[in-house]
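Each chain, letter by letter, is given below.
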Amino acid sequence: MQIYLPIADIPVNVFLVLAMGLAVGFISGMFGVGGGFLMTPLLIFIGVQPAVAVASVTTHVAASSFSGATTYWRRNAIDVTLALTLLAGGVFGSAGGVALFTWLRALDQLDLVIGLSYVTLLSVVGVLMVGESARAIVRSFQGRRIELRRPGSHMWIHGLPLKLRFKRSKIYVSAIPVLAIGFIIGFIGAIMGIGGGFLLVPMLIYLLRVPTATVIGTSMVLTFLTMVAATILHAATNHLVDAVLALILMVGGVIGAQFGAHAGQRIRGEWLRLLLGLLVLSVGLRFAGQLILPPDNPYSIRLIGGVP
Amino acid sequence: MRWAFAAALIFASLIGGTGPAAAERLIASLTKQSVLITSNYTGVELVLFGTVERDAADPARGGPYDIVATVTGPRESIRTRRKQRVLGIWVNTQARSFIDPPSYLAVLASRPLDAITNAENRRRLQLGIANTPLPELIHNDIGEVSNDPFRAALIQIMRERDLYSEEPNAVTFLTPTLFRATIVLPAQVPTGNYTVDVKLFEAGNLIAHTDSAFEIVKVGFEQFVVNAARDHGLLYGFATALMALMTGWIASVAFRRD
């Protein structure tokens, strides 16, 4: 069944877009990531203009992460203090990211920077996650059970001043690294058009030692707050949010996220991290291929008369 | 009576003497003047039909005829970029800006263009994609570059997207003077005003031409969404965000298992 998208200006198959929403929603619910880094390339692949894809995906991610967050809320698996502290840093990061975005676009090199950012971030994060979780799995097979939270193995981060107690996560760390992580996520999110959940989750686990129990729920709260803000900003400034496309995506996405969240709770933490690491790495390699392999057509066109 | 017939003959020969262009009249029309985009729009086909009216006083003259119809869509500037390998990765290194090329261009003809008229006429009358002017911005100057790889790349990409096409057999003559052609508009064509320029050839010479036009517009729900997004961006954004939260909340209630 074909439906014409009013802002994207193309007809799409409703069931195809619904299925894409379901699949990405399942992944986002399972790993606590927004799924923007998967959905945006998929939409571009079916013919949606990149700018419309990025803007509409923010709406989809808002719905999907809100649905996931309510599930975690009922399980009491959200650290609200941590989420709000991260958000405080994220606001300034987003402002800085938008400023850099505008500057790079004026230089005509935005596409390259976005491509390189995707490759670098996804590959590094993917390799780190796969390596760490594989070691954890090997250790668990050898029968030696080693907790992620090792007392006495504190990094320099834990020696910083301005300590705050995050009760739900049972951690006592300085506010400085929390605000810094929020800033980095906001900054990268604004440039790459992603919520940044796939970066936030490992940062919270490895740098702040947030336990797996609260990390996904907290990440979802931050994602949904930033994505609601991004949807409103995109709609008010660029007029590129396709509400029809977003609605089809989010109906699939929220249903998928529910099943994903249940599935995620049944899988052991290290296996979950290995799967997410492999997924992140494969998307990173795909972007690397686009940059390294000779393109089918070295020429490309871009409308410069403005999008209607 | 004989005198009147002679006068008519003289009159007819006088007209004939002033030039063959006055002998034929070209009349063309489209099946639709406006294409409405609704939510089940997946592209549309328009039929162009027309007739060649010969001079009644000289029925023996004329034909066989050829028709070239050029459909041109709204114009919008396009930047064509070329990637080159720099330090192992492919980077856009060069670009050209094309000033207001047509966003849609279909050249429909009754025979291959080079069989209809000679190269000089094709160039002068801007017949076919190759002869359509695509001016570029060169150092703050606007000019035509004929052997430009950027121009060729633009045409190739537009052809791949079915936005530019040249159909040498799209116009069919049902009788020696009555013709029809189907204009295929794929779903991705932009909205706006389109012009259809119809030229009539006989033995390689342009003998008549006429214009027609149609528009592609969004209506109903599609138009409502576009207007809301464009004119009330902030309100539209809040409504979309609220829709997202409602959808998320309904799903989490509907799928509640604990």
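Each residue is numbered by its place in its chain's sequence as written, counting from 1. Chain letters start at A and ligand numbers start at 1, both assigned in the order the entries are written. For a predicted model such as this one, the threshold for reporting local features is a pLDDT of at least 70, and the threshold for listing and counting side-chain atom pairs is 80 or more; totals across whole chains, interfaces and linings nevertheless cover every residue.

**Student:** Can you walk me through the overall build of chain A in this structure?
**Tutor:** The helix count covers DSSP runs of H or I at least four residues long, the strand count covers runs of E at least two residues long, and both are numbered beginning at the N terminus. Secondary structure assignment for chain A yields 10 helices and 5 strands. Judged by the C-alpha coordinates and their principal axes, chain A covers about 60 × 40 × 40 Å. For the exposure call, what matters is how many other C-beta atoms sit within 10 Å of a residue's own: 20 or more marks it buried, 12 or fewer exposed, and in between partly exposed, using C-beta atoms placed from the backbone. Buried positions account for 51% of the 308 residues belonging to chain A. In chain A, the proportion of contacts linking residues at least 24 apart, taken out of those at least 6 apart, comes to 81%. Contact between residues is assigned whenever the C-beta positions, reconstructed from backbone atoms, fall within 7 Å.

**Student:** Please explain the overall build of chain B as it appears in this structure.
**Tutor:** The secondary structure content of chain B amounts to 6 helices and 14 strands. Among the 258 residues that make up chain B, the fraction classed as buried is 27%. Within chain B, residue pairs in contact and separated by at least 24 positions form 69% of the contacts whose partners lie at least 6 positions apart.

**Student:** Would you mind showing me how to read helix α9 (residues 243-266) of chain A here?
**Tutor:** A turn of α-helix holds 3.6 residues, and therefore any two residues three or four places apart point the same way. One fewer than the residue count of a helix, multiplied by 1.5 Å, yields its expected span. For α9 of chain A, with 24 residues, the first-to-last C-alpha span of 34 Å sits near the 34 Å given by 1.5 Å per residue. Of all 24 residues making up α9 of chain A, 19 are buried, and the element is well covered by its neighbours.

**Student:** What is the right way to read the domain arrangement of chain B from this model?
**Tutor:** Buried accessible area, meaning the area lost when the parts come together, often serves as the stated size of an interface. Residue and element names in this part refer to chain B. Under the domain assignment, chain B is made up of domain 1 (19-218) and domain 2 (219-258). Between domain 1 and domain 2, the contact holds 6 residues from the first and 6 residues from the second. Amino acids outside the nonpolar list (Ala, Val, Leu, Ile, Met, Phe, Trp, Tyr, Cys, Pro) and the charged list (Asp, Glu, Lys, Arg) are all regarded as polar, and Gly is one of them. In terms of residue class, the side of domain 1 that touches domain 2 is built from 3 nonpolar, 2 polar and 1 charged. Here the limits of each domain have been adopted from an automatic or database domain assignment.

**Student:** For this particular structure, what's the right way to read the pairing of strand β12 (residues 178-185) of chain B?
**Tutor:** Looking along a regular strand, one sees the side chains alternate between the two faces of the sheet. All names here are of chain B. On β12, burial follows the alternation: Phe179, Ala181, Ile183 and Leu185 on one face are buried, whereas Leu178, Arg180, Thr182 and Val184 on the facing-out side are not. At least two DSSP bridges between two strands are required for those strands to pair. Looking at chain direction, strand β3 (residues 44-53) and β12 are connected through 8 bridges and run antiparallel. For phenylalanine 49, the partnering residue across the bridge sits in β12 and is arginine 180. Inspection of the sheet shows strand β11 (residues 171-173) paired to β12 by 3 bridges, in the antiparallel sense. Residue pairing in the sheet places phenylalanine 173 in a bridge with phenylalanine 179 of β12. Counting the residues that bridge the hairpin from β11 to β12 gives 4 residues.

**Student:** Sorry, what's going on with the environment of glycine 195 of chain A here?
**Tutor:** All names here are of chain A. Among the structural elements, glycine 195 can be located in the loop between α6 (175-192) and α7 (197-206). For glycine 195, a count of 31 C-beta atoms within 10 Å gives the class buried. Taking the C-alpha atoms as reference points, glycine 195 and leucine 222, separated by 27 residues in sequence, lie 8.6 Å from one another. With residues up to four places along the chain from it excluded, the contact list for glycine 195 reads Gly34, Gly36, Val61, Gly189, Thr223, Thr226 and Met227.

**Student:** What's the story with the interface of chain A and chain B in this structure? I'm lost.
**Tutor:** Each partner contributes residues to the interface: chain A has 48 residues there, and chain B has 49 residues. Broken down by secondary-structure element, the contributors of at least two residues to the side of chain A that touches chain B are β1 (2-4), α3 (50-74), α5 (110-141), α8 (212-237), α9, α10 (269-292) and β5 (299-303) of chain A. Grouping the amino acids of the side of chain A that touches chain B by side-chain chemistry returns 33 nonpolar, 11 polar and 4 charged. Of the strand pairs in this sheet, β5 of chain A and strand β5 (residues 78-86) of chain B are connected by 5 bridges, and their pairing is antiparallel. Across the sheet, residue leucine 303 of chain A finds its bridge partner in β5 of chain B, namely isoleucine 78 of chain B.

**Student:** Which parts of the structure should I look at to understand unusual backbone geometry?
**Tutor:** Keep in mind that most residues, glycine aside, have a negative phi and that most peptide bonds are trans. A positive phi is found at aspartate 9 of chain A, a non-glycine position, where the angle reads about 65°. One can find aspartate 9 of chain A in the loop between β1 and β2 (11-13). We classify aspartate 9 of chain A as buried; it has 23 C-beta atoms within 10 Å. Notably, alanine 203 of chain B is not glycine yet its phi reads approximately 50°, a positive angle.

**Student:** What's the story with the packing of α5 of chain A against α10 of chain A in this structure? I'm lost.
**Tutor:** A pair of packed helices can be characterised by two numbers: the angle between their axes and the separation between those axes. All names here are of chain A. For the pair α5 and α10, the least separation of the axes is 7 Å and the interaxial angle reads 150°. One finds that α5 runs roughly antiparallel with respect to α10. Taken as a pair, α5 and α10 cross one another with a handedness that is left-handed. Its residues assigned to classes, the contact of α5 with α10 comprises 20 nonpolar, 8 polar and 3 charged. With axes taken as lines fitted to C-alpha atoms, and helix axes fitted only over the stretch in contact, angles between N-to-C directions fall between 0 and 180 degrees. Angular relationships are summarised with four words: roughly parallel below 35 degrees, roughly antiparallel beyond 145, roughly perpendicular across 65 to 115, and oblique for the angles in between. In this scheme the crossing of two helices becomes right-handed for a clockwise turn of the near helix relative to the far one and left-handed for an anticlockwise turn of less than a right angle.

**Student:** How should the sheet that holds strand β4 (residues 65-72) of chain B be read in this particular structure?
**Tutor:** To summarise the sheet geometry, strands pair through backbone hydrogen bonds and adopt either a parallel or an antiparallel arrangement. Residues and elements named next belong to chain B. Taken in spatial order, the 6 strands make up an open sheet running β2-β14-β13-β4-β7-β10, and their pairing is mixed. Of all strands in the sheet, those with a lone pairing partner are β2 (34-37) and β10 (164-167), marking the two edges. Here the average twist between neighbouring strands, direction ignored, is 15°. Of the pairings in the sheet, the one linking β2 to strand β14 (residues 205-218) comprises 4 bridges and is parallel in character. Note on β14: the bridge partner recorded for serine 34 is glutamate 215.

**Student:** How should I be thinking about the confidence of the model for chain A in this particular structure?
**Tutor:** Each residue carries a pLDDT score, the predictor's own confidence in it, on a scale running from 0 to 100. On average, residues of chain A carry a pLDDT of 80, and 91% of them reach 70 or more. The spread of mean pLDDT over the elements of chain A runs between strand β3 (residues 163-166) of chain A, the lowest at 77, and helix α1 (residues 14-31) of chain A, the highest at 88.

**Student:** Hey, could you run me through the packing of α8 of chain A against helix α6 (residues 233-254) of chain B in this one?
**Tutor:** At their nearest, the axes of α8 of chain A and α6 of chain B sit 7 Å apart, and the two run at 150° to each other. Judged by the inter-axis angle, α8 of chain A sits roughly antiparallel to α6 of chain B. The element α8 of chain A and its partner α6 of chain B pack so that their crossing is right-handed. Contacts between α8 of chain A and α6 of chain B involve Val228, Thr231, Ile232, Ala235 and Ala236 of chain A on the former and, on the latter, Gly233, Leu234, Tyr236, Gly237, Phe238, Thr240, Ala241 and Ala244 of chain B.

**Student:** Please clarify how the confidence of the model for chain B should be interpreted in this entry.
**Tutor:** Detailed reading of the predicted model is not advised wherever pLDDT is low. Residues and elements named next belong to chain B. Confidence along chain B averages 83 in pLDDT terms, with 87% of residues attaining 70 or more. Confidence, expressed as mean pLDDT per element, reaches its minimum in chain B at helix α1 (residues 2-18) with 46 and its maximum at strand β7 (residues 105-109) with 94. For residues 8-21, every residue scores under 50 in pLDDT, and the model assigns this stretch 9 contacts once sequence neighbours within four places are set aside. Model confidence for the complex: the whole-complex pTM is 0.73, and ipTM, which rates the interface, is 0.76.

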